[in-house]
Amino acid sequence: DLMDPERLVQCPFVKHHHIRARRFPYHFVKCKENNPEIAKKLATCPFNARHLVPRHDLSDHIMKCNDKAIVEQDTVSRSCEPCQEQVKNESTWQAPPCDEDWES
């Protein structure tokens, strides 16, 4: 289950590191600092920051990334539906005419 905080996630920096999903963000930052040479060789997926792949494989990863479909689906559904909230909340208020003459 991808939502299970107890599942084990493999570290992108050191392949034999397996960390619980709930601890992964903390491990990720520390391991990146401890492995700067490896970090330089990896690129971050634009659809999921937890996906680090070798720089030369990034375009291939982007084409196959499972999270890409989720992002694209969300974008399409948002652009196809007119924003009913915005239509309902449009204000018809107009400023009253100003009778002040600041020059006099």
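Going by the structure above, here's the rest.
The structure displayed is predicted, hence computed values, not measured ones.

Caption draft 1: Main features of the pattern of salt bridges. Inspection of the entire model under this criterion finds 4 salt bridges. A salt bridge links R22 to E6; the nearest nitrogen and oxygen atoms lie 2.7 Å apart. With R22 in the loop between β2 (18-20) and α1 (24-34) and E6 in the segment before β1 (8-10), this pair connects stretches of sequence that are 16 residues apart. Exposure remark for R22: the relative accessible area of 46% places this residue in the partly exposed category. Residue E6 is classed as partly exposed on the basis of its relative accessible area, which comes to 36%. A salt bridge links K64 to D60; the nearest nitrogen and oxygen atoms lie 3.4 Å apart.

Conventions adopted
- Residues numbered from 1 in each chain as written.
- Predicted model: local features only at pLDDT ≥ 70, side-chain atom pairs only at ≥ 80, totals over all residues.
- Heavy atoms only, no water.
- Salt bridge = Lys/Arg side-chain N within 4 Å of Asp/Glu carboxyl O.
- Helix = DSSP H or I, 4+ residues; strand = E, 2+ residues; numbered from the N terminus.
- Buried < 20%, exposed > 50% of the residue type's maximum accessible area, 1.4 Å probe, protein only.

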